[in-house]
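Each chain, written out:
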Amino acid sequence: MKRFTSWGLAAALPLLALLTMGCEKEVDDYFTLQGEPGQAILGLPNAALATKYAPGETIPILVAYAEAEQLRDVTVFQATKQDSSVTGTFPAAGAYNTTYRQQVMQVPYTVPTTAAYPNGTLVRVDVTLNFQNGSSRTRRFSYSVANAPTLKFGTTPATYRNGLSATAQMAGDLIGYSIILNENGVSTFPPPTATPTFQLFKAVDSLTYFSRVGTANPVRIGSVRNPTAGATNARTIDLRIPTTATVGQQVTFLFTAYAQAQSTTLTTAPITVANATPFSTTTRSGRITFGPGSTPDSTAFNLRTGLNEPAANAVTAKDLLFAGVSGSTVSITAPNTTRFYKIPGGNLATFTGATANSIGLLLFQNTTTADLGTAVAVGDVYAVRVRGTAEVMVLRITGIKPSTAGSIARVKFDYRTL
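Everything quoted here is computed from the prediction, not taken from an experiment.

How each quantity is defined
- Positions within a chain are numbered from 1, following the residues in the order the chain's sequence is written.
- Restriction of local features to residues with pLDDT of at least 70 applies here, the model being predicted, together with a cutoff of 80 or more for giving and counting side-chain atom pairs; totals for whole chains, interfaces and linings are based on all residues.
- To get the side-chain values, all heavy atoms of the structure are used, and hydrogens and water are removed first.
- Two strands form a pair only when DSSP identifies at least two bridges running between them.
- In this description a helix means any DSSP run of H or I spanning at least four residues, a strand means any run of E spanning at least two, and both kinds are numbered starting from the N terminus.
- Orientation is described by axes fitted as lines to C-alpha atoms, over the contacting stretch for helices, and by angles from 0 to 180 degrees between their N-to-C directions.
- The buried label goes to any residue with under 20% of its type's maximum accessible area, the exposed label to any with over 50%, and the partly exposed label to all in between, with areas taken from a 1.4 Å probe on protein chains only.
- Contacts are residue-level and defined by heavy atoms, with any inter-residue pair within 4.5 Å sufficient.

Peer 1: Sorry if this is basic, but what is going on with the sheet that holds strand β25 (residues 339–342) here?
Peer 2: Sheets are built from strands paired through backbone hydrogen bonds, the pairs being either parallel or antiparallel. Read across the open sheet, the five strands follow the order β20-β28-β27-β26-β25; overall the sheet is antiparallel. Lying at the two open borders of the sheet, with one neighbouring strand each, are β20 (284–290) and β25. The sheet shows a mean angle of 30° between the axes of neighbouring strands, taken without regard to direction. Where strand β26 (residues 381–385) meets strand β27 (residues 392–401), five bridges bridge the pair, whose relative direction is antiparallel. Residue pairing for β27: A383 is matched across the bridge by V394.

Peer 1: Sorry, what's going on with the pairing of strand β24 (residues 329–333) here?
Peer 2: Look at any regular strand and the pattern is simple: side chains alternate between the two faces of the sheet. Summarising the sheet, strand β23 (residues 320–326) and β24 pair through five bridges and their orientation is antiparallel. Note that in β24 the partner of F322 across the bridge is I332. The hairpin formed by β23 and β24 contains two residues between the paired strands, and G327 there has a positive phi angle of roughly 65°.

Peer 1: In this structure, what is going on with the environment of I397? I would like to understand it.
Peer 2: Within the secondary structure, I397 sits in strand β27. Residue I397 is classed as buried on the basis of its relative accessible area of 0%. Between the alpha carbons of I397 and G286 there is a distance of 9.9 Å; along the sequence they are 111 residues apart. Once residues within four sequence positions are removed from consideration, I397 is found in contact with I332, V376, A377, V378, G379, D380, Y382, V411, K412 and F413.

Peer 1: It is not clear to me how the side chain of N130 should be interpreted in this structure. Could you clarify?
Peer 2: Relative to the assigned elements, N130 resides in strand β8 (residues 122–131). Setting aside residues no more than four positions away along its own chain, N130 makes contact with L71, R72, D73, T75, S135 and S136.

By themselves, these figures tell us nothing about what the structure is for.
In structure tokens form, the structure reads like this:
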């Protein structure tokens, strides 16, 4: 008969799978405990074992035991439905751990290669502590063989939110990057019948992104926690060119997917920081009218031609249209797909100082529907995206004449184009 001390059990319970046990009763020379929490831990104490590991990945298993128990060695055994084998026997080599007040030993274990254990294989691992007196103690855990995380760009890797080209991006501009995690991946095995060739992937703990100016060290910008449990996850992440970057410097962004002890990084093509793209120094002017005595062909305006658009023409070319007059209130609208965003606090300085970069970014961040149809006032400044394209303008209301006693109402405006 063998006797074990009870203090060993109390010290072992916090170890999250540390292999130790003790009691004040007689026990068999060999017994196997199953279903107890914390048979082994990954890497560091208090880190739970995962359910999926990649081929070739090392799982550092820690075992704990009382020195008085006289551990002889530790045997690691793995088994699947197809085969089983002892992966190693390791002589006792624990060191006293002051936190747990026990001997703690690291036992190496490496996930077999895909050639040996195909993707999705369920593996059982038995870790057995063998003592000098002939008794043994076994702990068990299981995992599935899964692919390490992958990252790739989507079909359109980068979308420049201001609508300008890659060579026209300045500090502070936003770029939307299309990212695909774990392409053709599933989180559980086997895959659905609709996608039989899909592979089992490890869960991604976080997707973290960094910016790097020139050759400086990357700077963390942010992260997405637990973006996928393993299945394919496609997303677009908007990142801002650092405001510290100067004209001519190159900026790259890095995306890193972390999955337990593994990680993979995807790096963007470099962006060379440019000066802001100015609007033309030439200011164009226009006006629309409404009411008795005004010609029907003067109620709409074409921002591309710089002319009033005839009433008989299709609405698609009418970027501004008189909507109506009510007392001293004058309203205009955009009947086609041209979009207007009224810049809060806009003034003459806003109008003259605007750049295509700033106007394009404002439109991306704020415009989902036309910001017209309500009363306009002299001095209002609008960011304009013409007919759903990358073409942007800035427009300022310069004059309003309400209709009184049936007279002609007018709205005058200036606008600047590229």
